Each structure stands twice: as C-alpha cells, then as structure tokens.
Amino acid sequence: MISVAAETTDLLVSLGVAPARLTGGDLAARSPITGEVTARLARYDAAAVASATKRAVAAFLVWRSVPAPRRGELVRLFGEELRANKAPLGRLVTLEAGKILSEGLGEVQEMIDICDFAVGLSRQLYGLTIATERPDHRMMENWKPLGPVGVISAFNFPVAVWAWNAALALVCGDPVVWKPSEKTPLTALAVQSLFERAVAAFRAQGHAAPDGLSAVLIGGRELGEALTDDPRLPLVSATGSTAMGREVGPRLARRFARALLELGGNNAAIVRASADLDLSLRGVAFAAMGTAGQRCTTLRRLFVQEAVYDPFLDRLKRAYASVAVGDPRQEGVLVGPLIDRAAYDAMTRALDEARAMGARVTGGERVEAGGPDAYYVRPALVEIDAHAGPVLTETFAPILYVLRHERLEDAIALQNAAAQGLSSSIFTNDLREAELFLSERGSDCGIANVNIGPSGAEIGGAFGGEKETGGGREAGSDSWRAYMRRATNTVNYGAALPLAQGVRFEV
Ligand code: NAD
C-alpha cells in the first residue's frame, strides 16, 4: 500500500497545492493513521497575520458593496468545486484527521450543504419593517456586512467548521481569515486552493472579486491569539476546547469584539424503559464511538432506566467488543485512531481515575494497528455509580460513562449537571417523557433530540450550546445575523417633526 505521506502529497497536489509548500518548514503535519510526518510546513509569524488581516480589510471595502446574490454566486461556484473534488478532499480529511472514509466524505458533504444554504440565504438577508408611533414615518431594520471575520478551528472537523463560517460570512459581505488547527493544516491548504479556483471561475464570468477574501494562517495557538487581539476583526469565531474559549472570550470582550464560541461538550443521553432498544443501541453506538469519540457532540454520559439497564448494557457491551477498530481507510472499520499520544494519555488517565472510584471498565485498551506512533483504542464502557470525577470532564476519546436512574426528573437533573451544554438526547416512546425533555424543565442544551443520538447534526438548524460550550450558534436558522450588523433606520416623509414619547422641544 502507498505510504500515507505519499498519498497525502499526491492528493494535495491534485487539489492544487504547490509541492514546495509541503517541505522545508518546522511545523510537522502528521497522520494519526500511522503517526508519520506527512509534510513540513512553514509557520506564519505575527507579521503574516497582520498582512492577511490588512488584505482582508481592503477586500471588505470592495466586497461589502457587491450585491448579496452576486456574493452568493461565488459561494455557489465554491460549492461546485467541492462537489467536483469531494472524493479527494474527503480522503484527505481521513488521512489527516483519521476519520473513517464515510465520515471524511460526510464532512465535505456538509461543506457543500452549507454552500447551498448560503446561496439561498444570499437572497434572504431580511430586515423587519416596524410600526412607528409617529405619523408619516417609516422604521426598518437594515442588515449590513460586519467586516473581516477571524475563524479559529479545531482538529476534529478540520474543514466543515470553517465552511459553516466562511459560506455565511462571504454571502453576508465579510472576508475570512482562518487559523486552522496546527494538527490539521493540510486540509486547510487544500480548501484554500479550491476556494481560489472558485474565485478564478467567478472572475471568468466577468465579475470582480478582490484579493484577500479568504486567507489561511499556518501555525500554532499564537496565531489564534494574534487574530483574537487584532482590532481589524470585529468578529472572531473560535471552535475548540473550553480552555481555549476561556482565554479567547475575555480577550475579545476587552476590545468589544463579537465572539462566536463553539467549545467543548459533555453530552448525555437518557434511555427510558419504553424506548425501542434496537434503535437506542444504534443511536448510542454511533454517538459514543463514531469519530473515535472525538466529536464535540460525542455521547459521553448515558443514563439508563433500571428496568432495561441489564439487557441494554449486555447488548451495548457486545457492540463495543465487536466494533472494528483500525485503519480508517479500510472497508468495515468504524473506529479509527485517536489524533495523537496526548489524546491516548488523557483517555488512560480518565479510565484510571474511574477505576479508582470503583467503576467497572470494559474496553479502553490500546489496539495494535498503524505502528508504534499511532494510537488506536477499543472504545471504553464505564459503569459507574457516582456522577463525579472524570464523568464531569470532557475527555476527547471514546469513553462512555453509564449510570442507572429511575425517575426521569433525576436523569434530567444529572444530565444538566454538566458544566457544558451542547447536545443531548432521550430515547423513549412515551410522548409525555419526550415533551418534558424538550420543555423548559428538560434539557438545558443547545441541541436536544428525541430517538436520535446527540451527534450528527445537519446544517439547517442553528448549531451550538450553552454554558461552558460558549453560547455561539453557527450554520442554519438565523445564525447569519452574527456576521452582519443591524441598523435601525427611521425615515420621516412628512413636513412635521413629531418626537417620540410625546416629548416637546420647540425652538
Ligand atoms: P483546542 O482548543 O486545543 O484548539 C482549537 C484551536 O484553538 C486550534 O486552532 C488552536 O491552535 C487554537 N487555540 C488554542 N489556544 C488558543 C488561544 N489561547 N488563543 C487562540 N487560539 C487558541 O481544541 P482541539 O483539541 O483542536 O479540539 C477539540 C476541542 O474542540 C474539544 O473540546 C471539542 O469539544 C471542541 N469542539 C467544539 C465544537 C463545537 O462546535 N462546539 C466543534 C469541534 C470541536
């Protein structure tokens, strides 16, 4: 089989990335499939960040006045590039992030979906007209482009998260400056190359597009910090750990910039006795083991009602023991590698802590695959009595803590006792239970599902969560408003000047 490094280079070149960019630098890109170095990229410095944002400001001054449906045409062309290159880009996601192939392709599909959504949106950036108390007046809301947007993204969705932001930002009139994860810089280079092809196609249609509508900055967290502090960026959308958001949020607040924070999750599901257990098993298995437990929406805590606890756990254990772990490029494999050694060490520590609390751990051992520098694990099921210790932490690995419950109210209270508030589910065939879970006394998360696991959102809904998840919303619904500024305009078309609230001021 061709080496991962050689295949990575071939794919990057086929997607238009110059080979010279892939050697000679000191940022080693690695594939978690084997742990091997796939490229050595030049790191950007603070001056490069400053020049990218300066170019983005210049681009904004032009792009903001291009009609929104025309801006949508550029996003449509970008979506076409993604369609044409879905297979190689999806495979590159697999090579760089270690997802199984269908998930790598699914991530590119998500990019295509958000492009389609944004194209439609480009004709629907509506403001309201509001009844005014003054005669011969009209009051309305006007949504205008905001300015260049900084995007900081995490390794586990190396391209889709950027697309959620960029597709909306671009139709809203905002250029984008992107700091991808230092663990997944190569897919970012490929996406930038496809975007540049779309810009060329847009210009070939006779439309003007400024340079600098999209820039990619290669490097570590210091570049994310530089974006956070750059006064030319009125909005920074940052996806990653809660620890990162805790630093980025206050720094943005200090300069009164907008923050769109998409941070960690500690997601739960409740299985009630009335549930369809076949469906629940499939929902739990995908949400807990998919992407090797490295999704922000991964299911980490499971509350099973007493009456079905033992039969459900038996079936779950069998599923955990039989799931194929290994090279994510292979047909039939459902669980690929952890991103790196640090992730494996964090998983081991969490399992040791749980054992010290008396938990019964099934799985969790390292699986020999991919060589000594690759970290594959059998997903772990942890039966634990206390909702405490590692259960309350997001360990970015496939660990599912399982607890018993009897009353739904108690399960909901435990579910909501996590510091994060991203995603949640209930499995039940009881209408009252489902509706209670979705009510104001139910889940406190940004996403609450019935008879579907907590992971695997589609782009039409607003995505994001409460509490330590950061409160941001991206993708569908009215998330676009974060990328625009709202002005309330009042026009007087009469000859008098009546003041609001009956105030009199005659001069
Ligand atoms: P991470 O926090 O280590 O890094 C994320 C990004 O932030 C990287 O680009 C990194 O360079 C940058 N960064 C780190 N510290 C920074 C700082 N102080 N200032 C500016 N930038 C900084 O996260 P990760 O390990 O790449 O990803 C896993 C985490 O991301 C998990 O917690 C997961 O739940 C979360 N995540 C959340 C969502 C969501 O939508 N809520 C989506 C994907 C991942």
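Bear in mind the structure is a predicted one, so any value in this text is a computation, not a measurement.

What counts as what
Residues numbered from 1 in each chain as written. Predicted model: local features only at pLDDT ≥ 70, side-chain atom pairs only at ≥ 80, totals over all residues. Helix = DSSP H or I, 4+ residues; strand = E, 2+ residues; numbered from the N terminus. Rg over C-alpha atoms; globule rule 2.2 N^0.38 Å. Buried ≥ 20, exposed ≤ 12 C-beta atoms within 10 Å, placed from the backbone. Contact = placed C-beta atoms within 7 Å. Pairing = 2+ DSSP bridges. Axes fitted to C-alpha atoms, helices over the stretch in contact; angles between N-to-C directions. UniProt positions renumbered as here; feature names shortened; annotations may be inferred. Arc of directions from axis to C-beta. Expected span 1.5 Å × (residues − 1). Near = placed C-beta within 6 Å. Nonpolar A, V, L, I, M, F, W, Y, C, P; charged D, E, K, R; others polar. Right-handed = clockwise from strand over helix to strand, strands pointing away. pLDDT = per-residue confidence, 0-100. Parallel < 35°, antiparallel > 145°, perpendicular 65-115°, else oblique. Left-handed = near helix turned anticlockwise from the far one by under 90°.

Asker: Help me understand the overall build of the protein chain, please; the structure alone is not making it clear to me.
Answerer: Counting its regular elements, the protein chain contains 14 helices and 23 strands. Taking 2.2 N^0.38 as the reference for a compact globule, 507 residues should give roughly 23 Å; the C-alpha atoms of the protein chain span a radius of gyration of 24 Å, in line with that estimate. The C-alpha extent of the protein chain, read off along each of the three principal axes, is 80 × 60 × 35 Å. By residue count, 52% of the 507 residues in the protein chain fall in the buried class. Sequence-distant contacts, at least 24 apart, represent 72% of the contacts inside the protein chain between residues at least 6 apart.

Asker: Is there a simple way to explain the sheet that holds strand S5 (residues 149–152) in this structure?
Answerer: Strands belonging to one sheet form pairs held by backbone hydrogen bonds; the direction of such a pair is parallel or antiparallel. What the five strands build is an open sheet, ordered S7-S6-S5-S8-S9; its pairing is parallel. Among the strands making up the open sheet, the edge pair consists of strand S7 (214–216) and strand S9 (258–262). Direction aside, neighbouring strands of the sheet carry axes that sit 15° apart on average. Of the strand pairs in this sheet, S5 and strand S8 (residues 235–239) are connected by four bridges, and their pairing is parallel. Within S8, the position partnered with Val149 by the bridge is Leu235. Helix H7 (residues 185–204) rests against strand S6 (176–179) and S7 of the sheet, and its axis sits at about 155° to S7.

Asker: Could you clarify how one ought to interpret the sheet that holds strand S23 (residues 484–492) in this entry?
Answerer: In spatial order, the strands read S3-S4-S23; together these three strands make up an open sheet with antiparallel pairing. The sheet is open, and its two edges are formed by strand S3 (129–130) and S23, each paired on a single side. As defined by bridge partners, S3 adjoins strand S4 (residues 137–145) across two bridges and the pair is classed as antiparallel. Bridge pairing in S4 links Ile130 to Met139.

Asker: Is there a simple way to explain the UniProt feature "active site" (unreviewed entry) in the protein chain in this structure?
Answerer: Residues annotated by UniProt as "active site" (unreviewed entry) correspond here to Glu262. Mapped onto the fold, Glu262 is located in strand S9. Among all residues touching Glu262, those that are not within four sequence positions of it are Thr239, Gly464, Gly470, Gly472 and Glu474.

Asker: Any chance you could explain helix H13 (residues 408–415) here in plain terms?
Answerer: One turn of an α-helix holds 3.6 residues; hence residues three or four places apart share an orientation. Three or more residues of H13 are buried, namely Leu408, Ala411, Ile412 and Gln415. Axial view of H13: buried residues confined to an arc of 100°, hence all on one face. In H13, the exposed residues that point more than 90 degrees away from the buried face are Glu409 and Asp410. On its buried face, H13 sits against strand S10 (267–271), strand S11 (299–305), strand S16 (399–405), strand S18 (423–427) and helix H14 (431–438).

Asker: Explanation requested: the UniProt feature "domain: Aldehyde dehydrogenase" (unreviewed entry) in the protein chain in the structure shown.
Answerer: When the UniProt feature table is mapped onto this chain numbering, "domain: Aldehyde dehydrogenase" (unreviewed entry) sits at residues 27–486. In residues 27–486, the share of helix is 40% and the share of strand is 20%. The end C-alpha atoms are 41 Å apart.

Asker: Just to check I follow, could you spell out helix H12 (residues 341–356) for this structure?
Answerer: Over its 16 residues, H12 extends 23 Å from the first C-alpha to the last, a length consistent with the 22 Å expected when each residue adds 1.5 Å. Taken as a whole, H12 has its buried residues at Ala343, Met347, Ala350, Leu351 and Ala354. The buried residues of H12 occupy an angular sector of 95° when projected down its axis, which confines them to one face. Across H12 from its buried face, at more than 90 degrees, point the exposed residues Ala342 and Ala356. Among the residues trailing H12, Gly358 stands out with phi positive, at a value near 95°.

Asker: Please explain the site of the ligand as it appears in this structure.
Answerer: Near the ligand there are 30 residues, and of these Ala154, Gly224, Gly240, Glu262 and Cys296 occur at the shortest range. Taken together, the residues of the shell around the ligand break down into eleven nonpolar, twelve polar and seven charged.

Asker: Explain the pairing of S5 to me, please; I cannot follow it from the model alone.
Answerer: In summary, the side chains of a regular strand alternate between the two faces of the sheet. A two-sided burial pattern is seen for S5, the buried positions comprising Val149 and Val151 on one face and Gly150 and Ile152 on the other. Sheet topology places S5 next to S6; four bridges connect them, and they run parallel. The residue bridging Val151 from the neighbouring strand is Trp178, located in S6. For the crossover that starts at S5, traverses helix H6 (residues 160–172) and ends in the parallel S6, the hand is right-handed.

Asker: Explanation requested: the confidence of the model for the protein chain in the structure shown.
Answerer: Parts of the prediction with low pLDDT should not have their coordinates interpreted in detail. The pLDDT averaged across the protein chain works out to 98; a share of 100% of its residues lies at or above 70. For this predicted complex, the interface score ipTM comes out at 0.99, alongside a pTM of 0.98.

Asker: Honestly, unusual backbone geometry in this entry has me stumped. Any pointers?
Answerer: Glycine aside, the phi torsion of most residues is negative, and most peptide linkages are trans. The phi torsion at Asp136 lies on the positive side, around 55°, for a residue other than glycine. Summarising the element assignment, Asp136 is placed in the loop between S3 and S4.

Asker: Is there a simple way to explain the environment of Trp162 in this structure?
Answerer: Looking at the secondary structure, you find Trp162 in helix H6. Separated by 36 residues in the primary sequence, Trp162 and Tyr126 place their C-alpha atoms 24 Å from one another. Beyond its immediate chain neighbours, meaning those up to four positions away, Trp162 contacts Val151, Ser153, Trp178, Pro180 and Val191.

Asker: Which parts of the structure should I look at to understand the packing of helix H4 (residues 86–97) against H7?
Answerer: Two quantities define a packed helix pair, namely the angle between the axes and the distance from one axis to the other. Put simply, H4 and H7 touch, their axes get as near as 9 Å, and they point 165° apart. As far as their axial angle goes, H7 and H4 are roughly antiparallel. Between H4 and H7 lies a crossing whose hand is left-handed. Residue-level contacts link Leu89, Leu92, Val93 and Glu96 of H4 to Leu186, Thr187 and Ala190 of H7. Residues of the contact of H4 with H7, tallied by class, amount to five nonpolar, one polar and one charged.

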